[in-house]
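The residues making up each chain are set out below.
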Amino acid sequence: MREIVLDTETTGLDPLRGDRLVEIGCIEIFNRMPTGQAYHVYINPERDMPAEAFAVHGLSTEFLASKPVFTEVVDEFLAFIADTPLVIHNASFDISFINAELDRIKRPVIAKERLVDTLLLARRKHPGVSNRLDDLCSRYSIDNSRRTKHGALLDAELLAEVYVDLIGARQSQLILASEAAITQVGHGDMPRRQREIPLAPRVTAAEREAHRAFIATFGDKPIWNDYLPAAAKAAA
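Residues numbered from 1 in each chain as written. Predicted model: local features only at pLDDT ≥ 70, side-chain atom pairs only at ≥ 80, totals over all residues. Heavy atoms only, no water.

J.: So what's going on with the nonpolar core? Residues and values would help.
T.: Ranked by internal contacts, the top residues of the largest apolar core, which has 23 residues, are I24, C26, F70, F77, I81, L86 and I98. Take this core: its biggest share by element is six residues, from helix α3 (residues 70-81). With near-sequence residues (within four places) excluded, F77 lies in contact with L6, I24, C26, Y39 and I98. (Core = buried A, V, L, I, M, F, W, Y, C linked by side-chain atoms within 4.5 Å. Buried < 20%, exposed > 50% of the residue type's maximum accessible area, 1.4 Å probe, protein only. Helix = DSSP H or I, 4+ residues; strand = E, 2+ residues; numbered from the N terminus. Contact = heavy atoms within 4.5 Å.)

J.: An account of the pairing of strand β2 (residues 21-30) is needed here, citing residue identities and associated values.
T.: The element β2 is extensively covered by neighbouring structure, given that nine of its ten residues are classed as buried. When strand β1 (residues 2-10) meets β2, the two strands line up antiparallel, connected through nine bridges. If you follow I4 over to β2, its bridge partner there is E28. Pairing geometry for β2 and strand β3 (residues 33-42), over seven bridges, is antiparallel. Bridge assignment links I24 to a residue of β3, and that residue is V41. The antiparallel hairpin formed by β2 and β3 contains two residues in its connecting segment, where N31 sits at a positive phi of about 50 degrees. (Pairing = 2+ DSSP bridges.)

J.: How would you sum up the packing of helix α5 (residues 118-125) against helix α7 (residues 152-166)? Please name residues and give values.
T.: Axis separation between α5 and α7 bottoms out at 11 Å; the angle between their running directions is 40 degrees. In terms of orientation, α5 lies oblique with respect to α7. Of the two possible hands of crossing, α5 and α7 adopt the one that is left-handed. Of α7, the residues touching α5 (which contributes T118, L121, A122 and K125) are L159, Y163, D165 and L166. Considered class by class, the residues forming the contact of α5 with α7 number five nonpolar, one polar and two charged. (Axes fitted to C-alpha atoms, helices over the stretch in contact; angles between N-to-C directions. Parallel < 35°, antiparallel > 145°, perpendicular 65-115°, else oblique. Left-handed = near helix turned anticlockwise from the far one by under 90°. Nonpolar A, V, L, I, M, F, W, Y, C, P; charged D, E, K, R; others polar.)

Listed below in structure tokens is the structure:
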């Protein structure tokens, strides 16, 4: 099954108060495994960058000024995500910004039924503790040392790893791989089951005697003796 792990960066916390998207990062996974396909874009929000948001992701007004606006990237973005489920940490936040941008240009919004919210999954699995992305990386021993600031593509990559652990898919994969390795390595040593009633021989006594008589026509030194080990030759 194809899924898209998605993350965004924005100018603030509320699209209804004028905050806008500035970055989208997507990672494609198939049957819970990354395929290597990704989508990433910086977006000109057509407004200034508040100091609070800049401190989070480091994307300045000057840097984003030369980037495309949302209308210029929307078709490519929608083509990449297609109609697949979207795996997002705190999905209501990211999808509110994406849908605000879509609504602004009169495009259909993304249905909430498509969303897989890893924050909700984490809260069910680990109640009563912090379930931020950094916390989950630490919990599942995922290296997030590159995450000195928030970044949509890097965060989507980390979330893809977290998601596999969160739903137990990595453990299932390891068990299957372990079983396959054991089967492959130990195949020759596996005990053979014995039939309770042996099969009846298919060669008759007369056929065996005919075969012995045929072999005797080759004499005392048949050619295949040349390929026997020395000890076997002496015994022959």
